[in-house]
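# Remarks on the overall topology
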Amino acid sequence: MNYACLRQPVKLGAMSLLIKFESKSARVKGISFHPTRPWVLTSLHSGVTQLWDYRMCVLIEKYDEHDGPVRGICFHQDQPIFVSGGDDYKIKVWNYKQRRCIFTLLGHLDYIRTTFFHNKYPWIISASDDQTVRIWNWQSRNSIAILTGHNHYVMCAQFHPTEDLVASASLDQTVRIWDISGLRKRQMPGGGAGMRTTSGQQAELFGQPDAVVKHVLEGHDRGVNWVAFHHTMPILVSGSDDRQVKMWRYNESKAWEVDSCRGHYNNVSSVLFHPNAELILSNSEDKSIRVWDLQKRTSLHVFRHENERFWVMAAHPSLNMFAAGHDNGMIVFKIQRERPAFCVNDNLAFYVKDKQLRRLDLTTNKDVAICKLRAAAAFMQPYYSLSFNPAENAFLLTSRSHNRELCTFDLYKLPKESDGNTDAQANRSSGIAALWLARNRFAVLDKTHSVSLRDLANKELRKLENINTNVDDIFYAGTGMVLLRNEEGLQLFDVQQKIVTASVKASKVRYVIWSKSMDYAALISKHTLTLINRKLEILCTQQESTRVKSGAWDDDSVFLYTTSNHIKYAITSGDCGIVRTLDLPLYILAIRGNTLYCLNREATPVEVPIDSSDYKFKLALINRRIDEVVNMVKSANLVGQSIIGYLEQKGYPEIALHFVKDEKTRFGLALECGNLEVALEAAKKLDEPAVWEALGESALLQGNHQIVEMSYQRTKNFEKLSFLYFVTGNTDKLTKMLRIAAARNDWNGQFQTSLLVGDAEEQVKVLRNCGQPALAYLTADLHGCEQAATELKAELEEKGLEVPTSAPNATPFVPPPPLTRMEENWPLLASARGQFDAHLLGISSNVGGAGTTKAVAGAKPAAAAFAAIEDDDIDGGDAWGGDDEYLDEEGLEIDEVVGGSGGEEDGGWDVDDDLAIPDVPDEAAGEEDEEVVPNPAPPASAEWAAVSRLVADHVVAGSFETALKMLRDQLGVIAPAPFKEVFMRVYASGRCSHRGWGGLSPAGPVLIHPIRNWQDEKNHLPAISVKLSLLAKRLQQAYQLTTVGKFGDAVVKLRDILLSVPLLVVSSKQEVAEAEQLIAIAREYLSALLLEGARKELPKATPADLKRNAELAAYFTHFELQPMHRILTLRSAVNTFFKMKQMRTCASLCKRLLELAPKPDVAAQIRKVLAAAEKDNTDAHQLAYDEHNPFVICSRKFVPLYRGRPQCKCPFCGASYSEGLEGTVCDVCQVAEIGRNVLGLRISTLQK
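Residues numbered from 1 in each chain as written. Predicted model: local features only at pLDDT ≥ 70, side-chain atom pairs only at ≥ 80, totals over all residues. Heavy atoms only, no water.

## Describing the overall build of the chain
- If you tally the helices and strands in the chain, you get 28 helices and 65 strands.
- Evaluated residue by residue, the chain yields a buried proportion of 51% over its 1248 residues.
- Considering only residue pairs separated by 6 or more positions, the chain has 49% of its internal contacts joining residues 24 or more positions apart.
- Accessible surface, the chain: about 58800 Å² in total, of which carbon and sulfur atoms supply 49%. (Helix = DSSP H or I, 4+ residues; strand = E, 2+ residues; numbered from the N terminus. Buried < 20%, exposed > 50% of the residue type's maximum accessible area, 1.4 Å probe, protein only. Contact = heavy atoms within 4.5 Å. Areas by Shrake-Rupley, 256 points an atom, 1.4 Å probe, with all protein chains shown as cover.)

## A short note on unusual backbone geometry
- In this model, aspartate 346 sits at a positive phi of 55°, which is unusual for a non-glycine residue.
- Relative to the helices and strands, aspartate 346 is located in the loop between β31 (342-345) and β32 (348-353).
- Phi is positive for lysine 355, which is not a glycine, with a value near 60°.
- Structurally, lysine 355 can be placed in the loop between β32 and β33 (356-361).

## Let's talk about the nonpolar core
- In this structure, Cys1210, Phe1212, Tyr1217, Cys1226 and Cys1229 are the most contacted members of the largest nonpolar core, which totals 99 residues.
- Beyond its immediate stretch of four places on either side in the chain, cysteine 1229 contacts Arg1055, Leu1058, Leu1059, Cys1210, Phe1212 and Cys1213.
- Judged by nonpolar contacts, the second largest core, of 74 residues, contains Ile81, Val166, Val268 and Leu294. (Core = buried A, V, L, I, M, F, W, Y, C linked by side-chain atoms within 4.5 Å.)

## Let's talk about the state of the cysteines
- Applying the stated rule across the entire model yields 0 disulfides.
- Cysteine cysteine 1150 is unpaired, with the sulfur of cysteine 1146 as its nearest cysteine sulfur at 4.2 Å.
- Taking the relative accessible area as the measure of exposure, cysteine 1150 reaches 0% and is therefore buried. (Disulfide = S-S within 2.5 Å.)

## Details of the pattern of salt bridges
- For the coordinates displayed, the defined rule picks out 38 salt bridges.
- Between glutamate 22 and lysine 24 there is a salt bridge; the shortest N-O distance is 3.1 Å.
- Exposure remark for glutamate 22: the relative accessible area of 5% places this residue in the buried category.
- Exposure remark for lysine 24: the relative accessible area of 32% places this residue in the partly exposed category.
- Where glutamate 252 meets lysine 214, a salt bridge forms, and the shortest distance between an N and an O atom there is 3.0 Å. Linking glutamate 252 in the loop between β22 (244-250) and β23 (255-262) with lysine 214 in strand β19 (residues 212-218), this pair joins segments that are 38 residues apart in sequence.
- Since its relative accessible area comes to 66%, glutamate 252 is described here as exposed.
- Among the residues examined, lysine 214 registers a relative accessible area of 24% and is labelled partly exposed.
- Among the ionic contacts, a cluster of salt bridges with common partners joins Glu981, Arg985, Arg1034 and Asp1056. (Salt bridge = Lys/Arg side-chain N within 4 Å of Asp/Glu carboxyl O.)

## Points about the sheet that holds strand β52 (residues 558-563)
- Read from one edge to the other, the open sheet built from 4 strands follows the order β51-β52-β53-β54, with strand pairing classed as antiparallel. This sheet does not close on itself; its edge strands, each paired only once, are β51 (548-553) and β54 (576-581). Averaged over all pairs of adjacent strands, the angle between strand axes in this sheet comes to 25°, irrespective of strand direction.
- Contacts from helix α3 (residues 613-622) reach β52, β53 (566-571) and β54, with the element oriented near 5° to β53. (Pairing = 2+ DSSP bridges. Axes fitted to C-alpha atoms, helices over the stretch in contact; angles between N-to-C directions.)

## Thoughts on the sheet that holds strand β46 (residues 499-505)
- Strand order in the open sheet formed by 4 strands is β43-β44-β45-β46, and the pairing between neighbours is antiparallel. At either end of the open sheet lies a strand with only one pairing partner, and these are β43 (473-476) and β46. Strand-to-strand, the axes of this sheet are offset by a mean angle of 25°, without reference to chain direction.

## Comments concerning the environment of cysteine 1194
- Following the sequence through the fold, cysteine 1194 ends up in the loop between β62 (1191-1193) and β63 (1200-1202).
- For the pair cysteine 1194 and alanine 1215, spaced 21 residues apart in the sequence, the C-alpha separation amounts to 7.7 Å.

## What about the environment of alanine 1173?
- Turning to its location among the elements, alanine 1173 is positioned in helix α28 (residues 1160-1175).
- Overall, the relative accessible area of 0% leaves alanine 1173 in the buried class.
- Placed 28 residues apart in sequence, alanine 1173 and threonine 1145 show a C-alpha to C-alpha distance of 8.7 Å.
- Dropping the residues within four chain positions of it, alanine 1173 is found in contact with Met1143, Cys1146 and Ala1147.

## Some details on the packing of helix α25 (residues 1103-1116) against helix α26 (residues 1123-1139)
- Put simply, α25 and α26 touch, their axes get as near as 8 Å, and they point 155° apart. One element, α25, and the other, α26, form an angle in the roughly antiparallel class. Of the two elements, α25 crosses α26, and the hand of that crossing is left-handed. The residues of α26 that touch α25, namely those facing Asn1109, Ala1110, Ala1113, Ala1114 and Phe1116, are Thr1129, Ala1133, Thr1136 and Phe1137. (Parallel < 35°, antiparallel > 145°, perpendicular 65-115°, else oblique. Left-handed = near helix turned anticlockwise from the far one by under 90°.)

## Structural notes on the pairing of strand β15 (residues 142-148)
- Of all 7 residues making up β15, 5 are buried, and the element is well covered by its neighbours.
- Examined bridge by bridge, strand β14 (residues 132-137) and β15 share 6 bridges and lie antiparallel to one another. Among the inter-strand pairings, tryptophan 136 is bridged to a residue of β15, identified as serine 143.
- Remark: 4 residues form the turn of the hairpin made by β14 and β15, two consecutive strands paired antiparallel; arginine 141 in that turn has positive phi of roughly 65°.

These figures capture arrangement, not role.
Encoded structure:
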């Protein structure tokens, strides 16, 4: 049995059938939906009953106890049972939980056509070819009524949904309506259990007083195949072999034909009423499904299926879902789209419901109608999309049909005070899609696949040119930009420049959802989710087995989306996961914290709580936000094998250790991250040989012979243990191993150990006991054991054996004695503790303190050395702002939002640049005037400048002029004065001197030049004192000065670091990158501190001064500082903005601060500020600050330079400046010319 999970429409003319699932099997004769689960039962002509999950597209179970075709099938509304009837005259009741038939009802004398449960009573109704209808009590398991009167096969019989009526259809061309109120009164007195009497049985057999014919409906010309009641109105519908669908109305006294629906051109197999709309659905042996208008009795739509005749149809009791059985299987389908049209703007969500346009405020949960729609869309042509223009309070509402000729859109312009009683004026036009591009412009895709621009009056202005593709849909992509969909994918089109700026290949994209910052977008196809960036570069792709319904971005650029049965998340790095399951599909409007605001299929707002800890943990790990990771680990909210596997996959087994309770898992993780202490602890608890063996191997690789010894002892691996004692020089324990081997009668082990110990007597003893007297004699003779040799020689002679003789050059085998006994473990290279380890173990690392180990000599600093080391004992000084109290209108008080105390100032560098070089007396002068004094040899430094092209070598050589020329060409340095101190320091460090001795009297000082490439034969170059590790230590000092608020000292320290970088000499590309990173860090800190210094010098006398002060405080938060300093900048800005009543911006700053995982007390205070700010979510002043538009700061004017705005940069430090400042000296580094074209930093011979 095979099946296909389809989501493709079967097209016919104007409309298409929305097929959700299709199975392939034998002919389907009966279908029933489960009332609550996504299951459907199909009974087959082959005698098998199948249970399918139509959402997951899988076969759950098969039941095959019937002998012959199974025609009737029905789920019970409440109980875990279903009933089936077949051509074997049997009615079977099954329990799907027990997966078996629980009993069989016998009584019919011919094929059973249909079986149905009563909605309320424990009854089953069955129709049979024996010309009767029977009603059964499935609790008492017997027949309670037999309805006779038809004179041909009874093809269908059904209970009325609410009344005591039964309808039956027969091949005798009649439909009968039966009154079973007497049966209900007798069988269910007071609503109790069934009660039967013998007299009742006799009366039923002969007179049937409990079920009487109320109406006989005659009108069909041939046999009637199906009949169905309307769920609320007194009408029923029937389908016949005369190819007609007839509708009948009845009352207490009579019944009559209302109308006939003609259109099928073969036998009508099944017919039913739509449960939620005024429609009739019918299918036929003419291979079609038709939809009829209940009021007009006209055919609305026809859906054809190629080569299969339809035999049966069923409707879901509560959902807009139908199923139809045909010759080769079954289809589950919908005839209309159920996704509500909606859009979201900031904290407002707009959606269409019940012919009204409604607005939901996501902050207050206030849901109101804002206007009545002019005319509802057709039932089979629902509203497709909604686009909102906040500037004009205008809406574009699109109705889409598969027939492009019928697609339209409505333009609504609403007054601000409109409500649900407002009849909005709509301007309707033809168009496939319409969306806003600007305040007074929107784009329309028409039926000719061309895109035009229109104004607010819906007047076409122009068509978009230079579109060289067949556009079949358009999507919003920002102001003045539009995404064009074609067969291959999407193109980003700039409306003003009339060019395609980017493209991406993505198949059949249905929805495009942008993040709030417009940096990322999600492309939703039927079964595919693709995340892209602004340049349309694909970040990740996720395939789903079920349909992707909707999605939204959260504030951390994580995309949450819904499928048919799950809420899932996707991170731009490619990670994804499940948040929770869903019973019914939902459509996400927005994400606020841990709450999803959604719409269901009835367009009712729903709030769904979610647990975001899983994806927030992964995001923090990806972004290396260590504080957040540590807080989540300590809170222990994340458990399970999935998160452990994720941490192992990403290379963080040490973090996974903190989640794991299972000792085997802990042991494996500990070995993976080399944590022998944890592994030993777990091994002791497990105490399994395999565990000890693995621990021993891992410990041996690390040289921890003590744990190796314990492992070998636990596994009783005596051979390895003896060798371990030998290589560690532990002769005492090796002697014990000799005795242990003897006690175990292990002759091989005893001999091997005696060889390692060098005990000749023991070797002789072992060989003698093993029956090797000749070898024993040789050993004794060679090692000088005379007594043993004499005894063995006599023994050999006594036995008549030849006495062997030693080779003349033979020497005894004596192992060398150990030089020293190794008590400690083998030495390893020391390494700094990882960032995660330090936080997880509660270590507060300090530079040079106990938190880190000393670096190996010559080790290269990693980029992590530039990260600030937080110290809880260092608080921000007064420069970060004083303590303040906030009081909102309702009396909310928040203390100590910003505060701290100053710290001690660290000392600078004490470098003595003066070298005391006394004159060297010429002792031979004047003695022999005729002697010629030889010329002195050139100094070693003379060749450095000629050989090297690195600035540092020229400085050490004393060639300052050439060094400055190189700096000018490489970095644009035109003000060299600040380099003087750095040059002199490097120049002096390239020389050292000591006093030499000439003869018996002391000579003058001898200069020595340390060489860095001493192994080379020529072209020697000086050793440079400026190292990355040294600059990293200075950077930590600058961080501490910044933390305590000594900004002036920090600026001096940072500028010294910046000027020292060009004097580095490194030997790898990684170190070059680290040096460039160090320049970027110094630039960011210098720019930030210079801005803060300017802010503190501003007057605060006028409102304009206060606004400028607030703007600078906001700009201060956008520099790339260390997290501990970003927290301080944000706290300072929160202080300023709260005082100025800039509540909206203040709330945004609070959220950014909380994302950095501050200390718990700070976080609690900021949350209070956030709560107060969100109560009055407005700004009192208009500031030159847009946090959502990316920008950099001009380091002179301190104004934002938004993306795309002209700017110039310093070629040395990279600081940004406004246009027009070219040719001046940079304010950050104070040495380079702004805007100058240069070669770039050169600090390695690897750089060309």
